[in-house]
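Reading the structure
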Amino acid sequence: MLVKKLFTLVFIRKEDQILLGFKKRGFGMNKWNGFGGKVEPNETILEAAARELKEECCLTVKPGDLKNIAHLEFTFEGEPTLMDVRVFSTSIFEGTPKETEEMRPKWFRHEDVPFEDMWLDDKLWFPYMLQGKKFFGHFHYEGFDKILNYKIEELDSM
Ligand SMILES: Cc1cc(-c2ccco2)c2oc(N)nc2c1
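Our subject in this report is the structure included herewith. (Residues numbered from 1 in each chain as written. Predicted model: local features only at pLDDT ≥ 70, side-chain atom pairs only at ≥ 80, totals over all residues. Heavy atoms only, no water.)

**Side note on the overall build of the protein**
- Scanning the protein from terminus to terminus reveals two helices and eight strands.
- Ordered by position in the sequence, the α and β elements of the protein form the string β-β-β-α-β-β-β-α-β-β.
- Against the 2.2 N^0.38 benchmark of 15 Å for 158 residues, the protein shows a C-alpha radius of gyration of 15 Å, consistent with a compact globule.
- Dimensions along the principal axes, computed over C-alpha positions, put the protein at roughly 40 × 40 × 35 Å.
- Across the 158 residues of the protein, 46% fall into the buried class.
- For the protein, contacts bridging at least 24 residues in sequence account for 64% of all contacts bridging at least 6.
- Carbon and sulfur atoms make up 51% of the accessible area of the protein, which amounts to about 8,400 Å² in all.
- Between the centroid of the 23 positive side chains of the protein and the centroid of its 28 negative side chains there is a distance of 2 Å. (Helix = DSSP H or I, 4+ residues; strand = E, 2+ residues; numbered from the N terminus. Rg over C-alpha atoms; globule rule 2.2 N^0.38 Å. Buried < 20%, exposed > 50% of the residue type's maximum accessible area, 1.4 Å probe, protein only. Contact = heavy atoms within 4.5 Å. Areas by Shrake-Rupley, 256 points an atom, 1.4 Å probe, with all protein chains shown as cover. Lys, Arg positive; Asp, Glu negative; His and termini not counted. Charge placed at Lys NZ, Arg CZ, Asp CG, Glu CD.)

**Describing the pairing of strand S5 (residues 81-90)**
- S5 sits mainly inside the fold: nine of its ten residues count as buried.
- One ladder, built from ten bridges, connects strand S1 (residues 3-14) with S5; its direction is parallel. Across the sheet, Ile 12 pairs through a bridge with Thr 90, a residue of S5.
- Note that strand S4 (residues 67-76) and S5 share eight bridges and pair antiparallel. Looking at S5, one finds that His 71 is bridged to Arg 86.
- Connecting S4 to the antiparallel partner S5 that follows it, the hairpin turn spans four residues, and Gly 78 within it adopts a positive phi of roughly 80 degrees. (Pairing = 2+ DSSP bridges.)

**Overview of the site of the ligand**
- If you check the shell around the ligand, you find Phe 7, Leu 9, Phe 27, Asn 33, Phe 74, Phe 76, Met 83, Trp 119, Asp 121, Asp 122 and Trp 125 and nothing else.
- Separating a nitrogen atom of the ligand from a side-chain N or O atom of Asp 121 is a distance of 2.9 Å.
- Breaking the shell around the ligand down by element, the ones donating at least two residues are S1, S4 and helix H2 (122-130).
- Its residues assigned to classes, the shell around the ligand comprises eight nonpolar, one polar and two charged. (Near = heavy atom within 4 Å. Polar contact = N/O pair within 3.5 Å; in protein donor to acceptor, adjacent residues only side chain to side chain. Nonpolar A, V, L, I, M, F, W, Y, C, P; charged D, E, K, R; others polar.)

**So, the environment of Arg 86**
- Mapped onto the secondary structure, Arg 86 falls in strand S5.
- A relative accessible area of 24% places Arg 86 in the partly exposed class.
- Once the C-alpha coordinates of Arg 86 and Arg 104 are considered, the two residues, 18 residues apart in sequence, prove to be 22 Å apart.
- Beyond its immediate stretch of four places on either side in the chain, Arg 86 contacts Leu 6, Phe 7, Thr 8, Leu 9, Ile 45, Asn 68, Ala 70 and His 71.

**Remarks on the environment of Leu 155**
- Residue placement: Leu 155 occurs in strand S8 (residues 147-155).
- A C-alpha to C-alpha distance of 30 Å links Leu 155 and Cys 57, two positions 98 residues apart in sequence.

In structure tokens:
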């Protein structure tokens, strides 16, 4: 049976740019991604999202200003893990993004998003996010460099 693990992923927007972080260590190392990580037992998903953002790039957001824009699931052929990733976005934040031991932040114009240095699924669902859609996506990986199958469904509300 699948073991479900809960993660957050936060994308900060500013005018026509999006903030990504280059992961310097750990899971997803050497890939650009949003900011996030595991949800601890003693916190809500929104609190976890705000905490990880602060830890990873020193930006402060109010949990209440985070808008849930997507629900992503990742499974891996032959593995029991299901990664349940709650994606949030906001343009309301305090501070300036700073590099940490974990992440090197950088603002990208939408047309410059570096998909060749991101998880393979990102090029499939970023268009939905950049167009302000709400969606569910499930991506079934074989290893970390091949997607065996996936589905993406637009949602009217989260
Ligand atoms: C397999 C996988 C995992 C994650 C992830 C881990 C923690 C938060 O997200 C991804 O994030 C993106 N963009 N693609 C991803 C694929």
